[in-house]
Amino acid sequence: GDSVTQMEGPVTLSEEAFLTINCTYTATGYPSLFWYVQYPGEGLQLLLKATKADDKGSNKGFEATYRKETTSFHLEKGSVQVSDSAVYFCALTGSGNTGKLIFGQGTTLQVKP
Amino acid sequence: DTAVSQTPKYLVTQMGNDKSIKCEQNLGHDTMYWYKQDSKKFLKIMFSYNNKELIINETVPNRFSPKSPDKAHLNLHINSLELGDSAVYFCASSPGLLQSTEAFFGQGTRLTVV
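An account of the accompanying structure is given in this report.

Definitions and cut-offs
- Residues numbered from 1 in each chain as written.
- Chains lettered and ligands numbered in written order.
- Predicted model: local features only at pLDDT ≥ 70, side-chain atom pairs only at ≥ 80, totals over all residues.
- Heavy atoms only, no water.
- Helix = DSSP H or I, 4+ residues; strand = E, 2+ residues; numbered from the N terminus.
- Buried < 20%, exposed > 50% of the residue type's maximum accessible area, 1.4 Å probe, protein only.
- Contact = heavy atoms within 4.5 Å.

**With respect to the side chain of Ser65 of chain B**
Residue and element names in this part refer to chain B.
And then number 1: Tracing the backbone through its elements, the reader meets Ser65 in strand S7 (residues 64–70).
And then number 2: Among the residues examined, Ser65 registers a relative accessible area of 19% and is labelled buried.
And then number 3: Not counting chain neighbours up to four residues away, the residues in contact with Ser65 comprise Asn75, Leu76 and His77.

**A word on unusual backbone geometry**
And then number 1: Cis geometry is found at the peptide bond from Gly9 of chain A to Pro10 of chain A, where omega equals -5°.
And then number 2: Here Pro10 of chain A shows up in the loop between strand S1 (3–6) and strand S2 (11–14).
And then number 3: Omega for the bond connecting Thr7 of chain B with Pro8 of chain B falls within 30 degrees of zero, at -5°, which places this linkage in the cis form.
And then number 4: Within the secondary structure, Pro8 of chain B is located in the loop between strand S1 (4–7) and strand S2 (10–13).
And then number 5: Located in the positive-phi region is Ser80 of chain B, a residue other than glycine, with phi close to 45°.
And then number 6: Relative to the elements of secondary structure, Ser80 of chain B occurs in the loop between strand S8 (73–78) and strand S9 (87–94).

Here's what the structure looks like:
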């Protein structure tokens, strides 16, 4: 079945460091890919998405490119801030039009001043 | 205005009790979902409804019963609560079922069964 694998966390960085969180997927068909962020004590918020191969999603300095050839959707940011500390989830929409999201296990990011 | 709102935010209850979590969305969306987040933060879908019709039921114990009185509401009733039901439950909604559609999540309900 469809699945998403994210790099193990936690990831600890200093402010202004470069961030990469790896995400790879297995899916039938052509899923859409998402990154959601969960700040402490809150629900999930969409960070960015890409709906077809080679699309780049971007928001708040974060970027991810839908790479069909490597089945990847890695999240990057050039300079992280303390306020970026959160749990990041990679997800895809499952096969068939059900709206179902399949999530990776989440990666905790801690940014230190 | 909160787009997807759940009540209560916290719920502590004893084993064997029956409890409900309510969810409402004011986005005009057709589709609503319940997701469960376990203690390791792993998220998994439980149910989805589209225009009040059950679309997804992901091998959830039948102690869990969703109810959608209208498109804007999706409640979750849990009978005979067990320790393993302790988790954070998220309600979400989306405009429809297309693969490209993003979901909007509520703040979550942290259920603790003691």
